[in-house]
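Summary of structural features
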Amino acid sequence: MGQLTVRQLGFALGGEVTGIDLRGPLNDLARRQVLEAWHKHLVLVFPGQDLSAAQQIAFSRNFGELEDNESLPYYRDPAHKEILLVTNKPLGGKPSETRNTGRNWHADLTYTPRPAKGSLLLCKEKPAVGGDTMWANLYLAYETLSATMRDFLDRLEAIHDFSLVKGIEKRDPEKVAELRRLNPPVAHAVVKAHPETGRKSLCLGQRIRGFVGMTEEESAPILAFLNEHAASYEFTYRHRWSVGDIVMWDNRCTQHVALPDFDQTRIRHMMRCSLLGDPSGRLLDGEPAVEDKETLLQTLAAVS
Ligand SMILES: [Fe+2]
């Protein structure tokens with residue numbers, strides 16, 4: 001193994017790690033160096049690592065327990081439940097349901113009460129050009145808001161809803177109904193302190209229905225502003241994939257989007273391992289997802 005080197009890739013986030021072979025066990029020093037670089041750069045790219053599924057799983061386990069993808073049972077690698085296939089390769093003679101996955105800004109699994117801590121995505125096949133992924137630094141998104149806005153958001157919870165995954169209406173309706181049942185709406189704090197760095201960041205994305213205790217009408221413009229702000233170019237890094245790249249991102253302080261900037265008739269085949277996060281959200285258990293404006297108006301009519 002050579003000398004592990006980290007090179008900054010983007011102004012806001014992104015670092016490239018070379019001089020490390022991920023096929024074998026990682027020693028303690030290398031593991032600590034990777035973790036340190038991860039906390040500093042948030043998204044790490046390891047080029048030239050053409051791992052098997054078992055090797056990817058073994059490498060990912062250095063950083064925590066792995067998600068078994070129970071919330072997305074149809075999209076797992078049949079031989080390895082820890083691997084989610086993000087692919088446009090037909091599966092079982094049918095178009096892949098994950099061929100358009102991740103087409104809006106999101107952090108992984110925030111529609112569950114245990115969003116992923118991080119993910120490791122390996123590129124196995126890709127078209128000659130395109131199929132890029134962008135990440136955004138959500139620490140910076142939070143820190144560049146006014147003190148008044150930060151104070152307001154510090155007390156807010158957002159409702160994350162699997163139904164808002166982009167393109168879901170094009171998937172198999174029976175599977176989607178089952179996935180909705182497995183993933184009822186869940187409320188998460190809009191601002192979370194990172195457990196390792198202590199820095200506050202936004203927990204955001206375009207799979208949010210509204211804010212707890214507010215109406216959809218009240219929530220929509222705030223959400224639109226936050227989503228636009230968080231995707232500001234100066235907070236982003238855009239990765240142009242090569243086969244054999246593994247990208248490891250911190251899901252607690254970044255969000256990402258998979259761009260459709262490629263020839264969709266060409267194969268793009270990726271394998272994802274996700275690190276199990278801490279339990280953090282709460283299910284609404286019959287509580288209305290957002291306040292109902294009609295009911296509020298009726299209440300007003302009754303008291304006036
Ligand atoms: Fe994702």
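Residues numbered from 1 in each chain as written. Predicted model: local features only at pLDDT ≥ 70, side-chain atom pairs only at ≥ 80, totals over all residues. Heavy atoms only, no water.

Side note on the coordination of the iron ion
Only His106 (NE2), Asp108 (OD) and His256 (NE2) from the protein reach the iron ion as donors, at distances of 2.1 to 2.2 Å. Look at where the donors of the iron ion fall in the sequence and you get H-x1-D-x147-H. Of this pair, His106 sits in the loop between strand E5 (80-87) and strand E6 (118-125) while His256 sits in strand E15 (residues 254-258), and the two are 150 residues apart along the sequence. (Donors = N, O, S within 2.8 Å, 3.2 Å for Na, K, Ca; no water. Helix = DSSP H or I, 4+ residues; strand = E, 2+ residues; numbered from the N terminus.)

Some words on the environment of Ser60
Relative to the helices and strands, Ser60 resides in helix H2 (residues 53-60). For Ser60, a relative accessible area of 0% puts it in the buried group. Those residues within four positions of Ser60 in sequence are excluded, and the remaining contacts are Leu66, Leu120, Cys273 and Leu275. (Buried < 20%, exposed > 50% of the residue type's maximum accessible area, 1.4 Å probe, protein only. Contact = heavy atoms within 4.5 Å.)

A word on the side chain of Arg268
For Arg268, the location among the structural elements is in the loop between E15 and strand E16 (269-275). Buried and unpaired, Arg268 has Asp261 as its nearest opposite-charge partner, separated by 6.6 Å. There is a polar contact of 2.9 Å between the side chain of Arg268 and the backbone oxygen of Gly131. (Lys, Arg positive; Asp, Glu negative; His and termini not counted. Salt bridge = Lys/Arg side-chain N within 4 Å of Asp/Glu carboxyl O. Polar contact = N/O pair within 3.5 Å; in protein donor to acceptor, adjacent residues only side chain to side chain.)

Observations regarding the pattern of salt bridges
Once their charged atoms are close, side chains differing in charge can pair, the charge on each being opposite to the other. Per the counting criterion, the structure on display carries 16 salt bridges. The shortest N-O distance in the salt bridge between Asp132 and Arg238 comes to 2.9 Å. Residue Asp132 is located in the loop between E6 and strand E7 (133-137), and its partner Arg238 is located in strand E13 (residues 236-239); the two are separated by 106 residues in the primary sequence. The shortest N-O distance in the salt bridge between Asp261 and Arg238 comes to 2.8 Å.

A few points about the state of the cysteines
Evaluated as defined, the whole model comprises zero disulfides. Counting only cysteine sulfurs, Cys123 is the nearest neighbor of Cys273, a cysteine outside any disulfide, at a range of 15 Å. Cys273 gets classed as buried once you look at its relative accessible area, which sits at 0%. (Disulfide = S-S within 2.5 Å.)

With respect to a nonpolar patch on the surface
Together, Leu297, Leu300 and Val303 make up a nonpolar patch on the protein surface, roughly 310 Å² of accessible area in all. Inspection of the secondary structure assignment puts Leu300 in helix H7 (residues 293-303). (Patch = residues over 30% accessible without salt bridge, like charges linked within 9 Å, V, L, I, M, F, W, Y side chains within 5 Å. Areas by Shrake-Rupley, 256 points an atom, 1.4 Å probe, with all protein chains shown as cover.)

Considerations on the environment of Val176
The topology assignment puts Val176 in helix H5 (residues 173-182). Under the relative-accessibility criterion, Val176 is labelled buried at 5%. A sequence separation of 144 residues divides Val176 from Arg32, and the C-alpha atoms of the two residues are 40 Å apart. The residues contacting Val176, other than those within four sequence positions of it, are Ile168 and Arg171.

Remarks on helix H6 (residues 216-230)
Counted at 1.5 Å a residue, the expected span for H6 with its 15 residues is 21 Å, and the 20 Å between its end C-alpha atoms agrees. Among the residues of H6, those classed as buried are Ser219, Ile222, Leu223, Leu226, Asn227, His229 and Ala230. Along the axis of H6, the buried positions cluster into a sector of 155°, meaning they face one direction only. Opposite its buried face, H6 presents the exposed residues Pro221 and Glu228, each directed more than 90 degrees away. Where the residues of H6 are buried, they touch E7, helix H3 (138-143), helix H4 (147-154), strand E12 (208-211) and E15. (Expected span 1.5 Å × (residues − 1). Arc of directions from axis to C-beta.)

Thoughts on the pairing of strand E1 (residues 5-8)
Bridging between E1 and strand E2 (residues 15-18) involves four bridges; their strand directions are antiparallel. If you follow Val6 over to E2, its bridge partner there is Val17. (Pairing = 2+ DSSP bridges.)

Points about the sheet that holds E13
Strands sit in the order E13-E7-E15 across an open sheet of three strands; the sheet is antiparallel. Since the sheet does not close on itself, it has two edges, and those belong to E13 and E15, each with one partner. When strand polarity is set aside, the average angle formed by the axes of neighbouring strands in this sheet is 20°. Two elements, E7 and E15, share five bridges in a ladder whose sense is antiparallel. Residue Ala136 lies in a different strand from E15, and its bridge partner there is Gln255. (Axes fitted to C-alpha atoms, helices over the stretch in contact; angles between N-to-C directions.)

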